[in-house]
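Examining the three-dimensional arrangement
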Amino acid sequence: MATVTIRNLVKRYREAEVLHGINLDIADGEFVVLVGPSGCGKSTTLRMIAGLEDISGGEVLIGDRVVNQLEPKERNIAMVFQNYAIYPHMTIYKNISFGLRTARLPAAEKDRRIRAVAEQLELTPYLDRKPGQLSGGQRQRVAIGRAIIRDPAVFLFDEPLSNLDAQLRAQTRLEIKKLHQRLGSTIIFVTHDQVEAMTLADRIVIMRDGHIQQIGTPTEVYDHPANTFVARFIGSPSMNLLPGAVTADGGLALDGNGPIAHPAARGLAPGSRVLLGVRADDLRVQSHTGATDKAPGLQLSGRVSVVEPLGPDMLVYLDAGLDAGTQQVIAKADTRQTLRPGDEVTLTAAPETLHLFDEQSGKAVAV
Amino acid sequence: MSIARNQGTLTRSIAAHAALLTWTVIALFPVFVIVINSVKSRRVIFADPLALPTAETFDLVGYQTVLAQGDFLLYFTNSMIVTMASLFFVLLFGAMAAFALSEYRFRGNLLMGLYLALGIMIPIRLGTVAILQMMVATGLVNTRTALVLVYTAQGLPLAIFILSEFMRNVSSDLKNAGRIDGLSEYTIFFRLVLPLVRPAMATVAVFTLIPIWNDLWFPLILAPGESVKTITLGSQVFIGQFVTNWNAVLAALSLAIVPVLVLYLIFSRHLIRGITAGAVK
């Protein structure tokens, strides 16, 4: 077990810089998820920590040791790959034992450990089989087994769940979380799936184009996204972002809609262009007739275009009539509400659920 | 509709088989003629070369002559040693070079690959005189070592070319997993990569093996000595300028086919997989 520290990490491929000096401190035993769209540099970062990619600039420390020049095997790490990377021509027993190859242990002790790990991961019946005879989930467990048998300082997971089907993914996700709770080791996990990030992480690192956008606990990044990118990326469906401007009296006017009071707007110069963010879960859908009371917060009228039932609730896509043409807004509604495409409705949201971003920079405006 | 399509497939299938069968007959015909004539008496070979041996014409005199010549077993052993040793070195060095080319990024990687593949296009026989001079200078004339060296050089370009393509297809995550597990580059090569490109190795083995076994040129020039003669060269003793002992020549050639055939059968199980590996995945 160990801390991992990343200082001004830079990766260059010839002239192209793909990672622009990122900084990250990971505590001992912490589960950190790097998340972002493809090409954001998350996998490159992980591979640099593993020692599979050269470091163009900056430092990686595992514990208090700079590991820049160390070979992967000298870094005391274990890695699980997206396509499992288990050796297809060896039995499961052999595969797991490969993690112990370099360990100086008596054969009996090695055997005991291999069987213990297999027991933990419910792989005991398959020890004599070849990987080809196993399902995807079992193969991924073999890969995890090969990693945990080494008892490394840091576990690195590179999109380990992407090749599994939805049900198995949820199950394996749970197993990884349990594993972390049991072993208490430091884990760095890379994924492009924000749901995985939210469910697994102690802290989430959101990356884009080789920059870190925000670091925080799942609740922090969900409730207080640092910018519009994080706001859109975290949470499903994406946060609605509506253009507007600060009014002369320190309120907020959405383009083509009435002014609303927003505490954060007071700090901004009148006329500043802003984006108002509101999550689908925070929007209430009311049929037109009932919505006459003037509650504080957001009020928006629109027409239902598509309804997607999800079971307990449904997603409602609306065309909100704003000045700059119509804008699509997504809201969540109770399935008991009968909504049909074409219905005129009013959307409301409480003032404390609203987020405010600077339109130019995309940065959140502090409340 | 489906009947029409079935007929279409059937016609195509017949056409394909006809083409393949024709090719097989053409390819096997010389071998067939050699084998049947090797068990016929001398007169019948010339009277009716295409006739099958009958009770009257059946004659093993060729084989008797060949086996009675005590050296034949020696020639056989020489061929075997030269072929197996060359094959071993071609596969070992070829695979190692291919691994380096496919696995490591270094300056001049592409140029090095092209340079190593160049030998496919330039026949090694063009350098015969230089090779002979070299062998004379190093005192290797009339040794099996000379042949092994030449054949290893001859086989390497194709081996490197084919194997590096296959090794590029071995998942890099697999090799990286090995690196993280603490394997050395040699262990990764021998324990992970080589077993996974075994079909390609078999393909290369067969393509390398046959020209070496059949070669007459280099044994004739570099190792004509009695003690190091190979089987193809050894068979030539029965071909004279004026008189040729056809029974013996044909018997010797028939016998020479056997070991290649055995080796081919051993490798062929992998060979088919190797050739179709890219196609069907």
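Thresholds, definitions, all that
Residues numbered from 1 in each chain as written. Chains lettered and ligands numbered in written order. Predicted model: local features only at pLDDT ≥ 70, side-chain atom pairs only at ≥ 80, totals over all residues. UniProt positions renumbered as here; feature names shortened; annotations may be inferred. Axes fitted to C-alpha atoms, helices over the stretch in contact; angles between N-to-C directions. Helix = DSSP H or I, 4+ residues; strand = E, 2+ residues; numbered from the N terminus. Parallel < 35°, antiparallel > 145°, perpendicular 65-115°, else oblique. Contact = placed C-beta atoms within 7 Å. Nonpolar A, V, L, I, M, F, W, Y, C, P; charged D, E, K, R; others polar. Domains from an automatic or database assignment. Pairing = 2+ DSSP bridges.

Looking up chain B in an unreviewed UniProt entry gives the name Carbohydrate ABC transporter permease, with the organism given as Szabonella alba. Here chain B is described in UniProt, under the heading Sequence similarities (unreviewed entry), as follows: "Belongs to the binding-protein-dependent transport system permease family." Its UniProt record gives chain B the following Subcellular location (unreviewed entry) comment, quoted word for word: "Cell membrane".

Per an unreviewed UniProt entry, chain A goes by sn-glycerol-3-phosphate ABC transporter ATP-binding protein UgpC and derives from Szabonella alba. Note on chain A: under the UniProt heading Sequence similarities (unreviewed entry), the record states "Belongs to the ABC transporter superfamily."

All names here are of chain B. Interhelical geometry of helix H5 (residues 109–118) versus helix H7 (residues 144–168) gives an angle of 135 degrees and a closest axis separation of 7 Å. Here H5 lies oblique to H7, going by the angle between them. Contact residues: H5 offers Gly113, Leu116, Ala117 and Leu118, while H7 offers Pro157, Ile160, Phe161 and Ser164. Taken together, the residues that form the contact of H5 with H7 break down as 6 nonpolar, 2 polar and no charged.

This chain's UniProt record puts "domain: ABC transporter" (unreviewed entry) on residues 4–234 of chain A. Strand forms 26% of residues 4–234 of chain A and helix 35%; the C-alpha atoms that close the span are 25 Å apart.

Let us look at the domain arrangement of chain A. Residue and element names in this part refer to chain A. Its domain assignment divides chain A into domain 1 (4–233) and domain 2 (240–358). For domain 1 versus domain 2, the separation of C-alpha centres amounts to 40 Å. Facing 4 residues of domain 1, the contacting portion of domain 2 comprises 5 residues.

This next bit is on the sheet that holds strand E13 (residues 259–260) of chain A. All names here are of chain A. Taken in spatial order, the 5 strands make up an open sheet running E13-E12-E11-E14-E20, and their pairing is antiparallel. Taken across any chain shown, the strands that pair with only one partner, and hence form the sheet edges, are E13 and strand E20 (355–358). With 4 bridges connecting them, strand E14 (residues 273–278) and E20 associate as antiparallel partners. Following the sheet pairing, Val274 is matched in E20 by Asp358.

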